[in-house]
Every structure is written in C-alpha cells, then in structure tokens.
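# Coordinate analysis (summary)
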Amino acid sequence: MGATQTLVDFVVGLKYKDLPSEVVEGAKTCLLDALGCGFGGYKTKLGHVILQQVREMRGAKQATLISDGTKVPCALAAFANSAMINALDYDETFGNIGHPGSTLIPAALAVGEHLRISGRKLIEAIVAAYEVAIRIGTAIQPSQERFKEVYFVGTWHTFGAVAAAGKLLGLDLMKMADAFGIAGATSPLPSGNAWGPRPQSWVKEPTAWPAYEGVLAAQLANRGFRGNRAVLDGDNGFWRMAGSDRCDFDGMVGGLGTAYRLLAMSFKPYSACRWIHTTLDAVKELVETNTLTPDLIQQILVRTASLHTMNVGSEEQISQQLIDYEPANLVDAEFSTPYAIAMILLGLKPGPKWFDDQTLRDPAVLSLAKRIRVEVDDKADRIFFKDHKVISTVEILTKDGKKLIARKEYAKGDPENPMTKDELLEKFHRLGSQTLSANKTKKLIDFIERIEDAKDISHMARYFH
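Residues numbered from 1 in each chain as written. Predicted model: local features only at pLDDT ≥ 70, side-chain atom pairs only at ≥ 80, totals over all residues. Heavy atoms only, no water.

## Points about the overall build of the chain
The following threshold applies: Secondary structure elements are defined from DSSP: runs of H or I of at least 4 residues count as helices, runs of E of at least 2 residues count as strands, and each element is numbered from the N terminus. For every residue, the accessible area (1.4 Å probe, protein chains only) is compared with the maximum for its type, and the residue is labelled buried under 20%, exposed over 50%, or partly exposed between those bounds. Throughout, a contact is declared for two residues whenever any of their heavy atoms are within 4.5 Å. With residues, only the protein chains shown are counted as cover, and all accessible areas are computed by Shrake-Rupley using a 1.4 Å probe. By the counting rule applied here, Lys and Arg register as positive and Asp and Glu as negative, while His and the ends of each chain are not counted. Taken as the charge centre is NZ of Lys, CZ of Arg, CG of Asp or CD of Glu, depending on the residue.
A count of helices and strands for the chain gives 20 helices and eight strands. Dimensions along the principal axes, computed over C-alpha positions, put the chain at roughly 70 × 55 × 40 Å. Expressed as a percentage of its 465 residues, the buried residues of the chain come to 61%. Within the chain, residue pairs in contact and separated by at least 24 positions form 76% of the contacts whose partners lie at least 6 positions apart. Of the roughly 17,700 Å² of accessible surface on the chain, 50% is carried by carbon and sulfur atoms. A distance of 5 Å separates the average location of the 54 positive side-chain charges in the chain from that of its 55 negative side-chain charges.

## Considerations on helix α13 (residues 277-290)
Note the cut-off: To estimate the expected span of a helix, count its residues, drop one, and scale the result by 1.5 Å.
Taking 1.5 Å per residue as the helical rise, α13 with its 14 residues ought to reach 20 Å, and the 20 Å between its terminal C-alpha atoms agrees with that figure. Of the residues making up α13, those classed as buried are His277, Thr278, Thr279, Leu280, Asp281, Ala282, Val283, Leu286 and Val287. Buried residues along α13 sit in contact with β3 (297-304), α15 (337-346), β7 (392-398) and β8 (403-408). Among the residues trailing α13, Thr291 stands out with phi positive, at a value near 50°.

## Observations concerning the pattern of salt bridges
Selection criterion: Salt-bridge detection follows one rule: a side-chain nitrogen of Lys or Arg within 4 Å of a carboxyl oxygen of Asp or Glu.
For the structure on display, the rule yields 33 salt bridges. Residues Asp18 and Lys17 are paired through a salt bridge, measuring 3.3 Å at the closest nitrogen-oxygen approach. For Asp18, a relative accessible area of 47% gives the class partly exposed. One network of salt bridges, in which partners are shared, links Arg303, Arg373, Glu375, Glu395 and Lys403.

## Examining the side chain of Glu92
To keep it simple, the criterion reads: Distance and chemistry together define a polar contact, namely a pair of N or O atoms within 3.5 Å, with one atom able to donate a hydrogen and the other to accept it when in protein, and with adjacent residues in sequence counting only for side-chain atoms on both sides.
Here Glu92 is to be found in the loop between α4 (74-87) and α5 (100-115). The buried charged residue Glu92 lacks any salt bridge partner; its closest oppositely charged side chain belongs to Lys268, at an N-O distance of 8.9 Å. At 3.4 Å, the side chain of Glu92 and the backbone nitrogen of Gly101 are in polar contact. Beyond its immediate stretch of four places on either side in the chain, Glu92 contacts Cys30, Asp33, Gly98, His99, Pro100, Gly101, Tyr130, Met265, Ser266, Phe267 and Lys268.

## Observations regarding the packing of α5 against helix α6 (residues 119-139)
Just so we agree on the cut-off: Axes here refer to lines fitted to C-alpha atoms; in helices the fit is confined to the stretch in contact. Angles between the N-to-C directions go from 0 to 180 degrees. Here a crossing is called left-handed whenever its near helix is offset anticlockwise from the far helix by less than a right angle, and right-handed whenever the offset is clockwise. Three classes are used: nonpolar for Ala, Val, Leu, Ile, Met, Phe, Trp, Tyr, Cys and Pro, charged for Asp, Glu, Lys and Arg, and polar for all others, with Gly counted as polar.
In the contact formed by α5 and α6, the axes pass within 10 Å of each other and the chain directions differ by 150°. Between α5 and α6 the crossing geometry is right-handed. Here α5 contributes Pro100, Gly101, Leu104, Ile105, Ala108 and Leu109 to the contact with α6, which in turn contributes Leu122, Ile126, Ala129, Tyr130 and Ile134. Looking at the contact of α5 with α6, its residues break down into 10 nonpolar, one polar and no charged.

## Some details on the packing of aromatic side chains
The condition is simple: In this scheme Phe, Tyr and Trp rings, the latter by its six-membered ring, pair at centre separations within 6.5 Å, and the angle between planes marks the pair as stacked below 30 degrees, edge-to-face above 60, and tilted otherwise.
Taken as a whole and judged by the stated rule, the model has 11 aromatic pairs. A ring pair is formed by Phe147 and Phe384, whose centres lie 5.9 Å apart and whose planes are at 70°; its orientation type is edge-to-face. Of the two residues, Phe147 is situated in helix α7 (residues 144-147) and Phe384 in helix α18 (residues 378-387); the sequence distance between them amounts to 237 residues. Per residue, the accessibility class of Phe147 equals that of Phe384, and both read buried. When the ring of Phe384 is compared with that of Phe385, the centres are 5.1 Å apart and the planes differ by 80°; the resulting orientation is edge-to-face.

## Here's the deal with helix α19 (residues 421-432)
Here α19 contains 12 residues, and its C-alpha end-to-end distance of 16 Å stays within 8% of the 16 Å for a straight helix at 1.5 Å per residue. If you check which residues of α19 are buried, you get Leu424, Leu425, Lys427, Phe428, Arg430, Leu431 and Gly432. Buried residues in α19 make contact with α2 (21-41) and α20 (438-449).

## Some points on the side chain of Lys204
Note that Lys204 resides in the loop between α9 (173-186) and α10 (208-222). In this structure Lys204 comes out as buried when scored by relative accessible area, which is 5%. Within polar-contact distance, the side chain of Lys204 engages the side chain of Asp89 at 3.4 Å.

Right, here's the structure in full:
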C-alpha cells in the first residue's frame, strides 16, 4: 500500500478514544496558542488587509473571523484566520521547517463551526492533521544543496488542512484520497528565493493559501470531484512537485498512531522567525544575568548558520535573508536578527508593539540594531543543514571592555527547552487583550481546557471577538 493510502486510512480511522491523554492535551495547547496568535495578528497591517478583502468577498455565513466576528464561507475563514495567526510570526513550528498549526487549526475551526461538531471530533481532526502534515513535510526535506535553491514551507501544509477538513466532513476512504489528490495538485508553488529582496513579500511561508486550498479540496471531494489518489507516491509524487530532490517514504508513514509528532511542536516566546530564537535566548540571558542596559553595550557579535546571511533576490536587488538594519514593515522586521535583538535589549513585550510604525521608526531601535553584526559559524552551519537545528553564539562587548558570551543549542519553546504552561497562558492573555475583555479571555481559556466535553464547538466562536 502506498504512502497516500496509508495516510488516508489513518485519517479516516482515527478515533478520540484511542488517543493518549498527552496527545489530547497537546492538541488543546496548539489550539490555544494559535488563537492567541490570531488575536495579536488582528492588530497588524497585514491582518487588516486580509480582513478587508475577505469581508468584501463575503458569501455564506459559515465560520467566524477571529477578532472581527464577521461570518464568511469556510474556506475564506480558514484563509483569513490562518493569515492572522501567522501575521506576527509568533505561531508554533515543527523542527524549524514550518508552521503547520497556523494552517490546519483554522481549517479545522472553520469546518467544525459550520458543521457544529463536538469537541472530541475537533481534537480528532487536529491530531490527524498534525500527524499527516508533519510526516509529509519531514519526509520531503531536500538535500543541503537543494535547500539553498528551493524553499517550500507551506506547500506541505495543505495536507494538514485537507486532513482536518476531510475528517470533519466525514469523507470515506475514496473521497479522502481524492481530497489529498486535489490538495496536492493545488498546493502553493515552492519558492526559489525565499521571500525575495527587501521590502519582503507579505506572502511569507505561506500558511493562509494552503488553508484555503485544503478546505476547498475536501469540500470538492465531498461532492464527487476526483483527485489523484496516489499523489504522494512514486518518483513523480508530491515531493517532486514541491521541488525536493528526495523523499523518505518510510519516514512518512512510520509510527502512525504510536509516535505522535504533535508532541514535538515548538512554541514561540518571541514574535520573530524561529531561526532567530536561539540568538534571542542568548542575548536575553546575557542581559538579565549581567543587568545590561542598551547604553552599556558597545557591540554584539552573533555567530550562527549561514541562512541568516544568505543572499536573496536578483543580481540587481540583493538582500540578506535575516539581516535588515532599517526594516520597512512588520515582515522585514520579523526576519531581521538585528531588529529582534534590539527589541530584547529595549525590553519590549513581543507582539504587535514590536511592529507598529512608531517602533519601526524609533531612532533608539535603529541605533541599537546597527551595533549588531552576524557572522557564519561553520560548525553551526553544517548542523543546521543536516538537522535543521539552529545553534547560536552571542558575544556582547560592553563599553567598559567586558566580553560576555552565551551559546544556545535549543530555543526556548522547543521540546528540549519547553515553555511552561504559565508562560503560554501569559502569552495568550497578552495577545487576547488586544481585542478581548479579560472576562472573554478567561471564558475562552476555560472552553478550550474542557473542549473534549463540548457538544457543539460553534459556541466557542462567541469568544472570538
């Protein structure tokens, strides 16, 4: 049996009663974190643009837009909510290769709200979607040489969205296989140069487009639309369509139902690209341990993987992937190591405040950023391209001549260095307060903590705005 059919069988057959308690709790944590990020993303310019467009399109009143309250068709709700969840780049990741939750959770919520499904059915869909998406995403990771040419985060996210939507729609084996085929054929194209020269594209990973495509694929399959039922298989399977040069088929299906990838999700304490987080952890440790203030710092040197300094764009317009000393907007800032370090040095809480116009143009921020240099550490570079692990060494030179050094291998929020429940709740409260009252924030947390008992998850939407 091919990988496609094996994964389809798993999605269709997964039952809540068979899930370990830690997997159920993990799904609830992912749901909570994603919604919190969505509330924060609502306050960004990127979020506003998306919402204005989707409101104008409208259509059937099926699913709720986070923080807005407008009801739109399921696929549009999945698209808009995914964009808001990912807007701040504060959303969880897996293994430094993508943000599956920001795609699959809004897809599950949209279809689940429309169909008024139970909390247990929602958890089934979320778990199935994580397991499918992560296995596909991991299996199709390219060689080091190919990775430098093609960046395809987002392409494989579509399978998470279609698995979630298809599970909730109750697709049988044949229709689920059709849905996978449709989703694979319509996934976002791989990118040849990441986000391009600065100012960077707001498409980002992407996460929103695969959310839309996944929901639509499941809906079409439910109506009888035929797809390639072996889309993941063989020499011409999805891995090649996604631009990779290899595929681990055994890894794609191994451990289904026993080794849950969802338990290895990384949650983010900073609203910045995950590849920067070990650097930010090291800076934060040095600042707190030595009671450093910006006026005491002469220079900061960061040694890490070459992905920070890799050139992107055309010969006429080249920029460095994670270096920008004067970011033009939130996306440029999210993918700038010097800018994110400046936020840590100034003690600003992560979230929308990092990216408002006043902060982006603040002379104190720009002055701090210009004191930061990034160099390639050859050992860290080899480890990244082998294991997708970002190691960072930070050296701070103070104005009185002290040299302070910290090295980090695991970012805060990684499974090896997890955020605590209190830290995750603080993040949710802080982001939720952007649009929700304290009372609604508490009720939403309570609803999610007991969601397995909910008969109709559509009631949760009353706390989305």
